[in-house]
Amino acid sequence: MLYGVNPNCPPDLLYCLACMGHGDEMMIADRNYPAHAHAAEAAVPRPIALPSFDALAAIKMITELMPIDNFHAYGALRMEVDDAPNEMNASHRAVFEHLAEVAPVDAVLGHIGRHAFYQHAKGVFGIVHTTEDQPFGCYILRKGVIF
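1. Remarks on the packing of aromatic side chains
Overall, the coordinates contain 2 aromatic pairs when judged by the stated rule. In textbook terms, an aromatic cluster arises when at least three aromatic residues are bridged by ring pairs, as seen for Y33, F117 and Y118.

Structure representation (C-alpha cells):
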C-alpha cells in the first residue's frame, strides 16, 4: 500500500506515469478509440484499461500524480469534433475546466483534428482506455516538470 495514491489507480498506470519523462505524452481514449491497435506503437505496448471511468475521472486521477507541461506548444490536446473544430462537447468542457485548474497558468490547452489526432497518438508513451461515452472524448496530456 502507498500513501497519497488514489486506490483506484491500477499498478500499470502508476508504473507508466513513473516511467514517463518531461515531454512524454499520455493519451486518454474513449470507448470507441482503437486503443489496442495504436498502443502497439507506443512505449507501453498495451492500453491501460480503466473500466467504469469516463475521461474526466481518468484525467483527474492522472493529474493528481502528473504535472501538465507548460514549456511546449501545448500541455494538453483534445480531439476535435468532425467538421466543427471549435465546438466543445460536454466531455471537452469538463476536462478543460479541470485542466485549467491544475495546469500551470501558461500551459496551452489545444485541439487537433480527429485524423491528425490518430497519427499523433501513435507516438505517445502510453494509452489509457476509458469507457467514456462522449464521441470525440479523447485527449493527449504532455508531462511537465516538478519544481
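2. Notes on the sheet that holds strand β3 (residues 76–79)
Sheet architecture is open: 6 strands sit in the order β2-β5-β1-β6-β3-β4, paired in mixed fashion. Looking at which strands have only one partner, the edges of the open sheet turn out to be β2 (48–50) and β4 (109–112). Ignoring which end each strand starts from, the neighbouring axes of this sheet average 20° apart. Note: strand β1 (residues 25–29) against strand β5 (residues 126–130), 4 bridges, orientation parallel. When the sheet's bridge partners are listed, M26 is paired in β5 with G126. Set on the sheet, helix α5 (residues 114–121) makes contact with β1, β3, β4 and β6 (139–142); between it and β3 the angle comes to about 130°.

3. Regarding the pattern of salt bridges
Under the definition given, this model contains 3 salt bridges. In this structure, R142 and E25 form a salt bridge, with 3.0 Å as the shortest nitrogen-oxygen distance. Pair noted here: R142 is in strand β6 and E25 is in strand β1, with a separation of 117 residues, a long-range link. Accessibility expressed as a relative area gives 12% for R142, which makes it buried. Across the pair R31 and D133 runs a salt bridge whose closest N-O atoms are separated by 2.6 Å.

4. Side note on helix α1 (residues 11–19)
For α1, the complete set of buried residues consists of L13, C16 and L17. Seen along its axis, α1 keeps its buried residues to an arc of 95°; they face one direction. Exposed and facing more than 90 degrees away from the buried side of α1 are P11, Y15 and A18. Where the residues of α1 are buried, they touch β1, β2, α3 (55–63) and β5.

5. Regarding the packing of α3 against helix α4 (residues 90–102)
Between α3 and α4, whose axes approach to 9 Å, the crossing angle comes to 15°. Taken together, α3 and α4 sit at an angle that is classed as roughly parallel. Between α3 and α4 lies a crossing of right-handed hand. Across the interface between the two elements, A55, L56, I59, K60 and T63 of α3 pack against S91, A94, V95, H98, L99 and V102 of α4. Residues that form the contact of α3 with α4 fall into these classes: 7 nonpolar, 3 polar and 1 charged.

About the thresholds
Residues numbered from 1 in each chain as written. Predicted model: local features only at pLDDT ≥ 70, side-chain atom pairs only at ≥ 80, totals over all residues. Heavy atoms only, no water. Phe/Tyr/Trp six-rings, centres within 6.5 Å; stacked < 30°, edge-to-face > 60°. Pairing = 2+ DSSP bridges. Helix = DSSP H or I, 4+ residues; strand = E, 2+ residues; numbered from the N terminus. Axes fitted to C-alpha atoms, helices over the stretch in contact; angles between N-to-C directions. Contact = heavy atoms within 4.5 Å. Salt bridge = Lys/Arg side-chain N within 4 Å of Asp/Glu carboxyl O. Buried < 20%, exposed > 50% of the residue type's maximum accessible area, 1.4 Å probe, protein only. Arc of directions from axis to C-beta. Parallel < 35°, antiparallel > 145°, perpendicular 65-115°, else oblique. Left-handed = near helix turned anticlockwise from the far one by under 90°. Nonpolar A, V, L, I, M, F, W, Y, C, P; charged D, E, K, R; others polar.

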